[in-house]
Amino acid sequence: MTGGTDGGTRATTRTGRPLACVVVNPSKPRATAAVRSLLEDELHEAGYAGPVWLETSVSEPGTMQARLALAAGASLVVAAGGDGTVRSVAAGLAGTGAQMGIVPLGTANLAARNLGVPVGDARAAARVVAHGVDLPADLAWVRTEPWSDPGALPDPTPPGDPRGRADSAALTGRAAAAPPDCPPAAADPADSRQLSAEAARAVRTIQRATRRSHQWTRPTLGDEHACMVVAGIGFDAGLVASTRPALKARVGWGAYALAAMENLSSPRMDLVLSLLDEAGARRVERLRARNLLVANGGRLPAGITLLPQARTDDGLLDVAAIDTVAGLAGWSSLARQVLPPYAAHYSESGRSLGRVALRRGGEVAVQLSAPALVEVDGDLLAPTQSMRVRIDPGALLIRRPAA
């Protein structure tokens, strides 16, 4: 298939043109014949041979196809699909120096939004793939230890009822081993009853969210999950678990907004955060939150910029521990701080009903007092009590709009 190199690092075909391969998710309704033809035309006009089309499947979501494209000599590998396809292809290309393009065909398209790739306009995205500029981007890697439920259901007694303390306390004790630099999240005696109740609620939330069958996402490479934009624990993962695929197909990202309403009662998590900060020092602290985000980008659909400082090329992870008090009033307070037209500007944690603690660093370890769901770029991971995230600076070379 290939005939040599062009004098640099790019493989070329016998015609002397560089080879392009497209890894496409055929299950996406937007992966139409018209979109494929459009991308082919743009790539031919830009001087590429091919493209060779490689379709993903449930068992092979993109990493293997990206590696096959490289083995075939491709100098440009395009991910055409949703965030799951993009992160899988990125894992296959990380550290290789190969050029990566993105044609966003999913619902949220978080990676494309944070990289400045056009969303909702296949022609514009195809032009960027064919004629854009190649810029470095970071890739995060997430490792969790799945939590295994020993089979005992949480005690149904109300929070604070003495009859429920023994079983609830047992729930908090089923923690995975803490990372060596992350001490266990032991509660103060005055908080033990509340933490036990929250632990029971956390397990019930997992059981409710997984009542419908879910296929937990497998690690992308080895025991790690590739992450282009965000790993979320708690509310964020519950939202993903509650989003109905049929509704998502009909109304797009609005389905996530409806699922968010179902998860406003997400339990608070007691956690220990261990962070290697920008100065290279290890920082360990205990936090309480309903949602924890470890992000490589801060832009969401609907023009929301949740983490204004987060960049895909700064070699850092942005952490947001989000908490609310006073029920719906707390969520309303948080919404006022993040909704457009302005980027998020958070109030001081102790003075707002919607509270956000922001941190930055190159490595993050999280230990939870009770199990919680995790999502990575919209894909659901098995419940866990521990998570580690590391950043791989400049691991990718991604084609983006020319200035």
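Residues numbered from 1 in each chain as written. Predicted model: local features only at pLDDT ≥ 70, side-chain atom pairs only at ≥ 80, totals over all residues. Heavy atoms only, no water.

Caption draft 1: Layout of helix α2 (residues 63–71). Regarding α2, the residues found buried are T63, Q65, A66 and A69. Across the axial projection of α2, the buried residues extend over an arc of 165°, all falling on one side. In this structure, the buried residues of α2 make contact with β3 (19–24), β4 (49–55), β5 (76–81) and α3 (83–93). After α2 finishes, the residue G73 shows a positive phi value of roughly 100°. (Buried < 20%, exposed > 50% of the residue type's maximum accessible area, 1.4 Å probe, protein only. Helix = DSSP H or I, 4+ residues; strand = E, 2+ residues; numbered from the N terminus. Arc of directions from axis to C-beta. Contact = heavy atoms within 4.5 Å.)

Caption draft 2: Representation of the pairing of strand β6 (residues 99–104) in the model. In terms of residue burial, β6 counts as a mostly covered element, since six of its six residues are buried. Relative to β6, β5 runs parallel, the two sharing six bridges. Within the sheet, the bridge partner assigned to L76 lies in β6 and is Q99. As for the winding sense of the linkage, the β-α-β connection from β5 through α3 to β6 is right-handed. (Pairing = 2+ DSSP bridges. Right-handed = clockwise from strand over helix to strand, strands pointing away.)

Caption draft 3: Just the packing of aromatic side chains, in detail. In total, this model carries zero aromatic pairs according to the counting rule given. Of note, R36 hangs over the ring of W53, and the distance from its end group to the ring centre comes to 5.1 Å. (Phe/Tyr/Trp six-rings, centres within 6.5 Å; stacked < 30°, edge-to-face > 60°. Lys NZ or Arg CZ within 6 Å of the ring centre and 35° of its normal.)

Caption draft 4: View of the pattern of salt bridges. Under the definition given, this model contains 16 salt bridges. A salt bridge links D323 to R290, with the nearest nitrogen and oxygen atoms 3.8 Å apart. With D323 in strand β13 (residues 317–324) and R290 in the loop between β11 (282–289) and β12 (291–295), this residue pair connects regions lying 33 residues apart in the sequence. Between D313 and R311 there is a salt bridge whose closest N-O contact spans 3.1 Å. Residues participating in the shared-partner salt-bridge network are R143, D223, E224 and R390. (Salt bridge = Lys/Arg side-chain N within 4 Å of Asp/Glu carboxyl O.)

Caption draft 5: Summary view of the environment of G327. Along the chain, the position of G327 falls in the loop between β13 and α11 (328–338). The spacing of G327 and L353 is 26 residues in sequence and 8.9 Å in space, taken between C-alpha atoms.

Caption draft 6: Layout of the nonpolar core. Formed by 47 residues in total, the largest nonpolar core has its most connected members in V89, L93, M100, L139, M228, L396 and I398. Top contributing element to this core by residue count: α3, with five residues. Ignoring sequence-local partners within four residues, the contact set of V89 consists of V23, G62, T63, A66, V77, A79 and M100. (Core = buried A, V, L, I, M, F, W, Y, C linked by side-chain atoms within 4.5 Å.)

Caption draft 7: Region of the structure containing α3. For α3, the tally of buried residues reaches 11 of 11 residues, placing the bulk of the element in the interior. Buried within α3 are the following residues: D83, G84, T85, V86, R87, S88, V89, A90, A91, G92 and L93. Residue G95 follows α3 closely and has a positive phi angle near 80°.

Caption draft 8: Representation of the side chain of D270 within the structure. For D270, the position within the fold is in strand β10 (residues 269–276). Among the polar contacts made by the side chain of D270, one reaches the side chain of R286 at a distance of 2.8 Å. (Polar contact = N/O pair within 3.5 Å; in protein donor to acceptor, adjacent residues only side chain to side chain.)

Shape is all these values report; function is a separate question.
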